[in-house]
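This is what each chain is made of:
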Amino acid sequence: MSEHKHAGLSPQLESKVKSTSSRFERNQHAVAELVARMRMDEEQIAHGGGTKAIESQHKKGRLTARERIARLVDPGTEFFELGSYAAWGMYEEWGGAPCAGVVTGLARVQGRMVMLIVNDATVKAGAFFPTTAKKVIRAQNIATDNRIPTIYLVDSAGVFLPLQEDVFPDTDDFGRVFRNNAVMSAMGIPQITAIMGMCVAGGAYLPVMCDHILMTEGSGLFLAGPALVQAAIGAKYSAEELGGAKMHAQISGTVDFREPDDDHCLLRIRSLIDKMGNRQLGVFDRKPSREPLYPAEEIYGIFDDDPARQYDMKEIIARIVDGSEFDEYRAEYGETVLCGYARIGGYSVGIVANQKTHVQQVDHSGNKRMEFGGVIYTESAEKAARFIMDCNQNLVPLIFLHDVNGFMVGRDAEWSGIIRAGAKMVNAVSNSVVPKIAVIIGGSFGAGHYAMCGKAYDPRFVFAWPTAKYAVMSGASAASTLVEIKIKQLERGGKKLSEEDKKKLYDEVKATYDEQMDPRYGAARLWIDKIIDPMDTREALITALDAAALNPEVPKFNVGVLQT
């Protein structure tokens, strides 16, 4: 661990890890193992449909999705992939759909931040599964919220027909993609589409609703392919005659640029991006960035994902924010939720974080009580609500660091007005108009997840560490509750469970909950945008803030009726 000290820091932020070196090493080893597992998962995901499917794509003279991305983005920059775990462990009866058959994320092209949405034709010919549509829509929503120019590299057979009822009709299904194309265009968000393979049926509307359309030789763009045309009207046409690049460039006038191959097409996109104008940037304050005083790798040893053990969230913050400087708001009040101002990558931010150390608090009657780390009490909820409102008043983006068990329960909590205070915090989060970014570090349970700006509260991005746990309640709590209910149901029917049966039932329920709490489960369903290495938290937040800064529009802040 680092031994640095800094006289300018508050005592709370000085690097004083209050744990033994053995605990530090144990935590470090546990987190490192989870990160290593994540890296292995990502390598597997990156293979898409597998070696044979990649070879088939190459035989057609086409690059794979990830090869296209690598050649499109600026040299020396990294592709910030989003939704890589989409469809993880899903659609096994159909052979799986790695990455949901589409690669999305942020990148730099000619120095400009763009959103990339790239079909992976090695996965079921790029067909749209239910999660594929939702992933594309999530990428479009991020682009819309942050006014990010968007590039689509299309190579898709259209809807995956065996699951059409879950892909076709709803507001988060296939048709919403084209609706979003139209809305984004009306908002002035640049969209470029390159058809680099098949683009058929309803999917053909996507490129035509964008600002620029490129198409490579050998690709196809048609509402109905040759087989369907023959079945429908009895006419026989080749794919090239029906919807090839030459036809659309010379006869229908649909495409703007006809390119001989993938490489030329990607170069043309770079050239078009290079000539785009610049809109006004956001209104959020930024100064030159400064590195934290303490190395990021120390996070591995500081964080403890055992709910029975404590750690100081200020130590985590000190390794994320510029200069390790954190101006803590109401530092001695409602201490189980930390609030304060800092800079990340030079951007001014407000941080709302769950403190995981137990603290002694004095109530309004002068009585001392112990408050448990990770629990939101009345005072901490009220403090957080006021802080969130203050950040909105002063145009300060908000960062939420989750490790929350939920709100405090019991008679004392109810008498103190915990429901009213919680509603105040939820109201402030719901109506917040500045960019919000959530990072799920440890647990994120129940109403605590909502109050800390969970997915339902429109964060611009949701990141999670591999240590994250995401559910209504912990697996142990859920199992105990459900087993107790089941026992009572059986007893009313005149049956009794043996201790062995009770344990078996408990283990089964807990195993199900534990699986669903795994961040990969949430990421597969797009509840999480990206699972990140804890060491990369700062860089992920800077990328998210760079994206948020592209949108200069901040609506008027109004909380409506606020509980007092």
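**Student:** Any chance you could break down the overall build of the protein for me, citing the residues and the numbers?
**Tutor:** Assigned secondary structure in the protein consists of 20 helices and 20 strands. A compact globule built from 564 residues should have a C-alpha radius of gyration of about 24 Å, and the protein, at 26 Å, falls within 12% of that. Counting over 564 residues, the protein shows a buried share of 53%. In the protein, of all internal contacts separated by at least 6 residues, the share reaching a separation of at least 24 is 75%. A total of about 25,000 Å² of accessible surface is found on the protein, and carbon and sulfur atoms cover 53% of it. Computed over 64 positive and 72 negative side-chain charges, the separation of the two mean positions in the protein equals 3 Å.

**Student:** An account of the nonpolar core is needed here, citing residue identities and associated values.
**Tutor:** Core analysis: the biggest nonpolar cluster contains 118 residues, and Ile269, Ile316, Ile351 and Phe463 have the highest contact counts within it. Apart from residues lying up to four places away in sequence, Ile269 is in contact with Leu72, Ile151, Leu153, Ile192, Ala194 and Leu214.

**Student:** Help me get a handle on unusual backbone geometry, residues and values and all.
**Tutor:** A positive phi is found at Lys124, a non-glycine position, where the angle reads about 50°. Given the relative accessible area of 32%, Lys124 is considered partly exposed. The phi dihedral of Ala125 is positive, around 60°, even though this residue is not glycine. Along the chain, the position of Ala125 falls in the loop between strand 3 (112-119) and helix 4 (130-146).

**Student:** For the environment of Glu298, give the residues involved together with the corresponding values.
**Tutor:** As for its placement among the helices and strands, Glu298 is situated in the loop between helix 10 (262-274) and helix 11 (299-302). You can call Glu298 buried: its relative accessible area is 3%. A sequence separation of 151 residues divides Glu298 from Arg147, and the C-alpha atoms of the two residues are 35 Å apart.

**Student:** Tell me about the pairing of strand 15 (residues 398-404), residues and numbers included.
**Tutor:** The buried count for strand 15 comes to 7 of 7 residues, which makes it a mostly enclosed element. Of the two faces of strand 15, the one lined by Leu398, Phe400, His402 and Val404 and the one lined by Ile399, Leu401 and Asp403 are each fully buried. Across 4 bridges, the pairing between strand 11 (residues 347-354) and strand 15 is parallel. Looking at the pairing, Ile351 lines up with Ile399 of strand 15. Bridge count between strand 15 and strand 17 (residues 436-445): 6 bridges; the pairing is parallel. In the sheet register, Ile399 faces strand 17, and the bridge partner there is Ile437.

**Student:** Can you tell me about the environment of Ile69, naming the residues and giving the values?
**Tutor:** Mapping Ile69 onto the fold places it in helix 3 (residues 65-72). According to the relative accessible area criterion, Ile69 is buried, its value standing at 4%. In this structure, the C-alpha to C-alpha distance between Ile69 and Val118, residues 49 residues apart in sequence, is 8.0 Å. Contacts of Ile69, omitting those with residues within four sequence positions, involve Phe79, Val103, Leu116 and Val118.

**Student:** Run through the packing of helix 13 (residues 378-393) against helix 15 (residues 418-431), naming residues and quoting values.
**Tutor:** Packing of helix 13 against helix 15 brings their axes to within 8 Å, and their N-to-C directions diverge by 20°. One element, helix 13, and the other, helix 15, form an angle in the roughly parallel class. Seen from above, helix 13 lies across helix 15 with left-handed handedness. In contact with Thr378, Ala381, Glu382, Ala384, Ala385, Ile388 and Met389 of helix 13, helix 15 contributes Ile418, Ala421, Gly422, Lys424, Met425, Ala428 and Val429. Grouping the constituent residues of the contact of helix 13 with helix 15 by class yields 10 nonpolar, 2 polar and 2 charged.

**Student:** So what about a nonpolar patch on the surface? Which residues, and what values?
**Tutor:** Nonpolar side chains collect at one region of the surface, where Tyr205, Met209 and Leu223 lie side by side and expose about 290 Å² of accessible area between them. Tracing the chain through its elements places Tyr205 in helix 6 (residues 205-208). A residue is classified by how much of its surface remains accessible, and Tyr205, at 44% relative accessible area, is partly exposed.

**Student:** Explain the packing of aromatic side chains to me, and be specific about the residues and the numbers.
**Tutor:** In total, this model carries 17 aromatic pairs according to the counting rule given. Where Tyr329 meets Tyr341, the ring centres are 6.5 Å apart and the plane angle is 90°; that geometry is what we call edge-to-face. Linking Tyr329 in the loop between strand 9 (327-328) and strand 10 (337-344) with Tyr341 in strand 10, this pair joins segments that are 12 residues apart in sequence. Take Tyr329: its relative accessible area is 14%, and that puts it in the buried class.

**Student:** Describe the side chain of Asp312, and please don't skip the residues or the numbers.
**Tutor:** Assignment of secondary structure puts Asp312 in the loop between helix 11 and helix 12 (313-318). The exposure class assigned to Asp312 is buried, which follows from its relative accessible area of 16%. For Asp312, the side chain forms a polar contact with the side chain of Gln355, separated by 3.0 Å.

**Student:** Report on the side chain of Thr467, specifying residues and quantitative values.
**Tutor:** Looking at the secondary structure, you find Thr467 in the loop between strand 18 (461-464) and strand 19 (469-471). Within the local environment of Thr467, its side chain forms a polar contact with the backbone oxygen of Ile441, the two atoms lying 2.7 Å apart. Once residues lying within four places of it in the same chain are set aside, the contact partners of Thr467 are Val31, Leu34, Phe303, Asp305, Ile441 and Gly442.

**Student:** Which residues make up the state of the cysteines, and what values do they have?
**Tutor:** Should the sulfur atoms of two cysteines be covalently bonded, the bond is a disulfide. Applying the stated criterion across every chain, the model contains 0 disulfides. This cysteine, Cys199, is not joined by any disulfide, and Cys210 carries the nearest cysteine sulfur, 9.8 Å off. Judged by relative accessible area, which is 1%, Cys199 ranks as buried. No disulfide involves Cys339; its nearest neighbouring cysteine sulfur is the one of Cys391, lying 8.2 Å away.

How each quantity is defined
Residues numbered from 1 in each chain as written. Predicted model: local features only at pLDDT ≥ 70, side-chain atom pairs only at ≥ 80, totals over all residues. Heavy atoms only, no water. Helix = DSSP H or I, 4+ residues; strand = E, 2+ residues; numbered from the N terminus. Rg over C-alpha atoms; globule rule 2.2 N^0.38 Å. Buried < 20%, exposed > 50% of the residue type's maximum accessible area, 1.4 Å probe, protein only. Contact = heavy atoms within 4.5 Å. Areas by Shrake-Rupley, 256 points an atom, 1.4 Å probe, with all protein chains shown as cover. Lys, Arg positive; Asp, Glu negative; His and termini not counted. Charge placed at Lys NZ, Arg CZ, Asp CG, Glu CD. Core = buried A, V, L, I, M, F, W, Y, C linked by side-chain atoms within 4.5 Å. Pairing = 2+ DSSP bridges. Axes fitted to C-alpha atoms, helices over the stretch in contact; angles between N-to-C directions. Parallel < 35°, antiparallel > 145°, perpendicular 65-115°, else oblique. Left-handed = near helix turned anticlockwise from the far one by under 90°. Nonpolar A, V, L, I, M, F, W, Y, C, P; charged D, E, K, R; others polar. Patch = residues over 30% accessible without salt bridge, like charges linked within 9 Å, V, L, I, M, F, W, Y side chains within 5 Å. Salt bridge = Lys/Arg side-chain N within 4 Å of Asp/Glu carboxyl O. Phe/Tyr/Trp six-rings, centres within 6.5 Å; stacked < 30°, edge-to-face > 60°. Polar contact = N/O pair within 3.5 Å; in protein donor to acceptor, adjacent residues only side chain to side chain. Disulfide = S-S within 2.5 Å.

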